[in-house]
Amino acid sequence: MKRILVVDDDPSVLLGICHSLHGRRNEWEPILALDTEEACMRLDAAPDIDVLVCDLTMPGEGGVKVLRHAMAKDPHIARIVLSGHGRTEAATDARKLCDRFLEKPCSAQLLQDTILWAIDRTWG
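Residues numbered from 1 in each chain as written. Predicted model: local features only at pLDDT ≥ 70, side-chain atom pairs only at ≥ 80, totals over all residues. Heavy atoms only, no water.

## Let's talk about the packing of helix α2 (residues 36-45) against helix α3 (residues 62-73)
To keep things clear, this is the line we draw: Every axis in this analysis is a line fitted to C-alpha atoms, fitted for helices over the stretch in contact. Angles between the N-to-C directions lie between 0 and 180 degrees. A run of DSSP states H or I qualifies as a helix once it reaches four residues; a run of E qualifies as a strand once it reaches two. Both are numbered from the N-terminal end. Convention used here: angles under 35 degrees read as roughly parallel, angles over 145 as roughly antiparallel, angles from 65 to 115 as roughly perpendicular, and any remaining angle as oblique. The contact rule is simple, with two residues in contact once any of their heavy atoms fall within 4.5 Å. Only Asp, Glu, Lys and Arg are considered charged, only Ala, Val, Leu, Ile, Met, Phe, Trp, Tyr, Cys and Pro nonpolar, and every remaining residue, Gly among them, polar.
Between α2 and α3, the least distance of the axes is 9 Å, while the angle of their chain directions is 10°. Taken together, α2 and α3 sit at an angle that is classed as roughly parallel. For the pair α2 and α3, contact is made by Thr36, Glu37, Ala39, Cys40, Leu43 and Asp44 and by Gly62, Lys65, Val66, His69, Ala70 and Lys73, respectively. Class assignment for the residues of the contact of α2 with α3 results in five nonpolar, three polar and four charged.

## As for the nonpolar core
Stated formally: Only buried residues count toward a nonpolar core, which is a set of Ala, Val, Leu, Ile, Met, Phe, Trp, Tyr and Cys residues joined through side-chain atoms within 4.5 Å. Throughout this description, buried means an accessible area under 20% of the type-specific maximum (1.4 Å probe, protein chains only), exposed means over 50%, and partly exposed covers the range between.
In terms of nonpolar packing, the biggest core is built from 24 residues, with Leu5, Val7, Leu52 and Val66 touching the most fellow members. In terms of residue count, α3 provides more of this core than any other element does, four residues in total. Excluding residues that lie within four positions of it along the chain, valine 7 makes contacts with Leu14, Ala33, Asp35, Ala39, Leu52, Val53, Cys54, Asp55 and Met58. Core analysis: the next-biggest nonpolar cluster, separate from the first, contains 16 residues, Ile4, Leu21, Leu102 and Leu111 among them.

## Focus: helix α1 (residues 11-21)
The test is simple: Note: the arc covers the axis-to-C-beta directions of the helix.
Residues Leu14, Ile17, Ser20 and Leu21 constitute the buried set of α1. Projected onto a plane normal to the axis of α1, the buried residues spread over an arc of 125° and lie on a single side. Turned more than 90 degrees off the buried face of α1, the exposed positions are Ser12, Leu15 and His19.

## What about the pattern of salt bridges?
This is how the line gets drawn: Take a side-chain nitrogen of Lys or Arg and a carboxyl oxygen of Asp or Glu: if they are within 4 Å of each other, that pair is a salt bridge.
Within the structure shown, the criterion is met by 10 salt bridges. In this structure, glutamate 27 and arginine 24 form a salt bridge, with 3.0 Å as the shortest nitrogen-oxygen distance. A relative accessible area of 38% means that glutamate 27 is categorised as partly exposed. A single salt-bridge network, built from bridges that share partners, covers Arg3, Glu29 and Asp48.

## Some details on the side chain of aspartate 74
Basically, it comes down to this: Under this rule, positive means Lys or Arg and negative means Asp or Glu; His and the chain ends count for nothing. In the analysis that follows, any N or O atom pair within 3.5 Å is treated as a polar contact, provided that within protein one partner can donate a hydrogen and the other can accept it, and provided that, for residues neighboring in sequence, both atoms belong to side chains.
Among the structural elements, aspartate 74 can be located in the loop between α3 and β4 (78-83). Buried within the structure, aspartate 74 lacks any salt-bridge partner; arginine 79 is the closest side chain of opposite charge, at an N-O distance of 7.5 Å. Within polar-contact distance, the side chain of aspartate 74 engages the backbone nitrogen of histidine 76 at 2.9 Å.

## Considerations on the sheet that holds strand β2 (residues 28-33)
Where strands meet in a sheet, backbone hydrogen bonds hold them as pairs that are either parallel or antiparallel. Inclusion rule: At least two bridges found by DSSP between two strands are what make those strands a pair.
Overall, parallel pairing links the five strands, which are arranged β2-β1-β3-β4-β5 in an open sheet. Every interior strand has two partners, whereas the edge strands, β2 and β5 (100-103), have only one. Taken pair by pair, the neighbouring strands of this sheet meet at an average axis angle of 20°, ignoring direction. Of the strand pairs in this sheet, strand β1 (residues 2-7) and β2 are connected by six bridges, and their pairing is parallel.

## A word on α2
Residues of α2 that are buried include every one of Thr36, Ala39, Cys40 and Leu43, and no others. All buried residues of α2 project into a common sector of 95° when viewed along the axis, lining one side. Among the exposed residues of α2, those pointing more than 90 degrees away from its buried face are Met41 and Ala45. Buried residues in α2 make contact with β1, β2 and α3.

Printed below as a string of structure tokens:
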């Protein structure tokens, strides 16, 4: 079972992503975080995170901090950014830290395909 940490400060987006992953519930276990600090705590508490799906723009230090924390914790964690702010300075920084950058809105199929790609690339 692959563990996927999903981080977004909008609860409705977080639940939507979780719902879109439901079809693979026998293969993927979503772990949810609503902010940067919670995401970093979950990364520290769960040493076996396989994929990180992270929003970029969140209160505080945002998704870039989560990406850096994940890389420092385990460089093998596949890092996917899912953001509605793809043309900002933070987005430029995030593109250097992630394996894939997806812009919102993103179809459930594209997100699933990207997670599969990341798992195959990292753990395949």
